[in-house]
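Spelled out from the first residue to the last, the chains are:
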Amino acid sequence: MSRHIFEEEFEELAILEEEVDTDDQRDLMVFNDDFNTFEHVINTLVKVCKHSLIQAEQCTHIIHYRGKCSVKKGSLPELKPLKEGICEAGINAEIV
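Residues numbered from 1 in each chain as written. Predicted model: local features only at pLDDT ≥ 70, side-chain atom pairs only at ≥ 80, totals over all residues. Heavy atoms only, no water.

Caption draft 1: Spatial organisation of the side chain of Ser 75. Position of Ser 75 among the secondary structure elements: in the loop between β2 (68-74) and α4 (76-88). For Ser 75, a relative accessible area of 11% translates into the label buried. Beyond its immediate chain neighbours, meaning those up to four positions away, Ser 75 contacts Asp 24 and Gln 25. (Helix = DSSP H or I, 4+ residues; strand = E, 2+ residues; numbered from the N terminus. Buried < 20%, exposed > 50% of the residue type's maximum accessible area, 1.4 Å probe, protein only. Contact = heavy atoms within 4.5 Å.)

So this is what it looks like as structure tokens:
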């Protein structure tokens with residue numbers, strides 16, 4: 001009987017852990033504008049987010065054609081310096 005209770009508690013903890021993990025995850029969203037070049041956005045994503053060239057190019061095309069793109073997922077403390085770096089480069093970004 002005590003083993004059954006332990007298993008239930010373990011399952012409850014696992015569920016709570018999953019909820020914390022998913023709640024903590026956010027998106028660093030970059031938005032399209034009419035003045036930054038593809039090259040500038042690509043170079044910024046490579047420099048700030050450590051994207052590969054191909055990944056940065058793909059994100060930049062999505063930003064251009066869809067108006068926005070999630071360029072990184074993570075916790076608020078992880079994404080905050082990345083957002084600041086992107087914004088310092090003159091590109092509009094938000095953590096959502």
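Caption draft 2: Main features of helix α2 (residues 38-49). If you check α2, its first and last C-alpha atoms are 16 Å apart, about what twelve residues at 1.5 Å a residue would give, namely 16 Å. Inspection of α2 places Val 41, Ile 42, Thr 44, Leu 45, Val 48 and Cys 49 among the buried residues, and these make up the whole buried set. Along α2, the residues classed as buried sweep out an arc of 165° about the axis, all on the same side. More than 90 degrees from the buried face of α2, the exposed residues found are Glu 39 and Lys 47. Its buried side turned inward, α2 meets β1 (26-31), α3 (53-66), β2 and α4. (Expected span 1.5 Å × (residues − 1). Arc of directions from axis to C-beta.)

Caption draft 3: A look at unusual backbone geometry. Positive phi is not limited to glycine here, since Lys 50 has a value of about 60°. By the secondary structure assignment, Lys 50 is in the loop between α2 and α3.

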